[in-house]
Amino acid sequence: MRPRIPRQSALDRTAHALDDDAGLSAELAAAVAGARRRAVRDGDRQIDTAHLLHSLLEHDPEVRAAFDDGPRLARLLGYLVQRSIGYGLRWQTGVEDSGALPVVPAVPDAVEGFSPLASAAMRRARERAAGRDRLDAADGRGGGDGRAHGIDLLAAIVADPQSRAVEVLTRAGVDVPAPNSRV
């Protein structure tokens, strides 16, 4: 007898753990879920920073605003769509790795199903949110909600010049330091 519920892949189990994480804002949780769906649909082995960037642009208005909307955003989204339907094929056989992290690492807090750079970006986004909350509390503005937002993940993604997201931004003609400075 076949089970009524199909078995979940490691990528699906990982996504549920991240989607349910209280450390993510609603927008960021939606973006992570979208990145997971995109990676599965595209047949990619892992969620990489380009998947995360694409989903952030779709799900988070604050992230879109970092790119000044308009023609620049349209060009970037067009490039990401092209990447997902063909350009990314050369990436399916490899793991996104900047060289700073081993390709098959025992990276602390690594998230299974995510590339090492995407996993590190998720961790840095949470750290950035915690730091922002500490600064707000110290300034007397009260602490924030403690959750990482899409803009935190965007800052973490563009911080690594070797990430696929930075490669996509560069190839789309987007000045990477410009969104990073606005973030």
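Here the structure is a predicted model, which is why all the values come from computation and not from measurement.

Because an α-helix completes one turn every 3.6 residues, residues spaced three or four positions apart along the sequence face the same direction. In terms of burial, helix H3 (residues 49-59) is largely enclosed, as nine of its eleven residues are buried. What H3 keeps buried is the set Thr49, Ala50, His51, Leu52, Leu53, His54, Ser55, Leu56 and Leu57. Where H3 begins, the side chain of Asp48 points an oxygen toward the backbone nitrogen of Ala50, at a separation of 2.9 Å.

Here we come to the nonpolar core. Ranked by internal contacts, the top residues of the largest apolar core, which has 40 residues, are Leu52, Phe67, Leu76, Leu153 and Leu154. Only helix H2 (26-42), H3, helix H5 (70-85), helix H6 (116-138), helix H7 (150-158) and helix H8 (164-171) provide two or more residues apiece to this core.

The next subject is the packing of H3 against H8. With their axes 6 Å apart at the nearest point, H3 and H8 run at an angle of 60° to one another. By the angle between their axes, H3 is oblique relative to H8. Judged by residue contacts, Thr49, Ala50 and Leu53 of H3 engage Arg164, Ala165, Val168 and Leu169 from H8. The residue inventory of the contact of H3 with H8, partitioned by class, reads five nonpolar, one polar and one charged.

Enumeration according to the criterion identifies six salt bridges in this entry. Between Asp152 and Arg128 there is a salt bridge; the shortest N-O distance is 2.6 Å. In this pair, Asp152 is assigned in helix H7 and Arg128 in helix H6, connecting sequence segments 24 residues apart. The exposure class assigned to Arg128 is partly exposed, which follows from its relative accessible area of 31%. Ionic pairing is found between Arg171 and Glu167, a salt bridge with its closest N-O pair at 3.2 Å. Of the two residues, Arg171 and Glu167 are both situated in helix H8; the distance of four residues between them amounts to about one turn of the helix. On the accessibility criterion, Glu167 (23% relative accessible area) is partly exposed.

The next subject is the packing of H2 against H3. One can describe the packing of H2 onto H3 by two numbers: an axis separation of 8 Å at closest approach and a directional angle of 130°. One finds that H2 runs oblique with respect to H3. The chirality of how H2 crosses H3 is right-handed. Contacts between H2 and H3 involve Glu27, Leu28, Ala30, Ala31, Val32, Gly34, Ala35, Arg37, Arg38, Ala39 and Asp42 from the former and His51, Leu52, His54, Ser55, Leu56, Glu58 and His59 from the latter. Residue classes in the contact of H2 with H3 are distributed as eight nonpolar, five polar and five charged.

The next thing to look at is the side chain of Ser25. Among the secondary structure elements, Ser25 is positioned in the loop between helix H1 (10-19) and H2. Reaching out from Ser25, the side chain makes a polar contact with the backbone nitrogen of Leu28 at a distance of 3.2 Å. When neighbours within four sequence positions are excluded, Ser25 is seen to be in contact with Arg147, Ala148, His149 and Gly150.

Here the focus is H7. Burial analysis of H7 places nine of its nine residues in the buried class, which makes it a mostly covered element. Buried within H7 are the following residues: Gly150, Ile151, Asp152, Leu153, Leu154, Ala155, Ala156, Ile157 and Val158.

With 64% of its residues at a pLDDT of 70 or more, the protein chain shows a mean pLDDT of 75. Across residues 1-8, confidence stays below pLDDT 50; counting only partners more than four residues off in sequence or on other chains, it has two contacts. Note that pLDDT drops below 50 for residues 10-20; the model gives that stretch 24 contacts with residues more than four away or on any other chain.

Below, the discussion takes up the environment of Leu154. By the element assignment, Leu154 lies in helix H7. Accessibility expressed as a relative area gives 0% for Leu154, which makes it buried.

The rules behind the values
Residues numbered from 1 in each chain as written. Predicted model: local features only at pLDDT ≥ 70, side-chain atom pairs only at ≥ 80, totals over all residues. Heavy atoms only, no water. Buried < 20%, exposed > 50% of the residue type's maximum accessible area, 1.4 Å probe, protein only. Helix = DSSP H or I, 4+ residues; strand = E, 2+ residues; numbered from the N terminus. Polar contact = N/O pair within 3.5 Å; in protein donor to acceptor, adjacent residues only side chain to side chain. Core = buried A, V, L, I, M, F, W, Y, C linked by side-chain atoms within 4.5 Å. Axes fitted to C-alpha atoms, helices over the stretch in contact; angles between N-to-C directions. Parallel < 35°, antiparallel > 145°, perpendicular 65-115°, else oblique. Contact = heavy atoms within 4.5 Å. Nonpolar A, V, L, I, M, F, W, Y, C, P; charged D, E, K, R; others polar. Salt bridge = Lys/Arg side-chain N within 4 Å of Asp/Glu carboxyl O. Left-handed = near helix turned anticlockwise from the far one by under 90°. pLDDT = per-residue confidence, 0-100.

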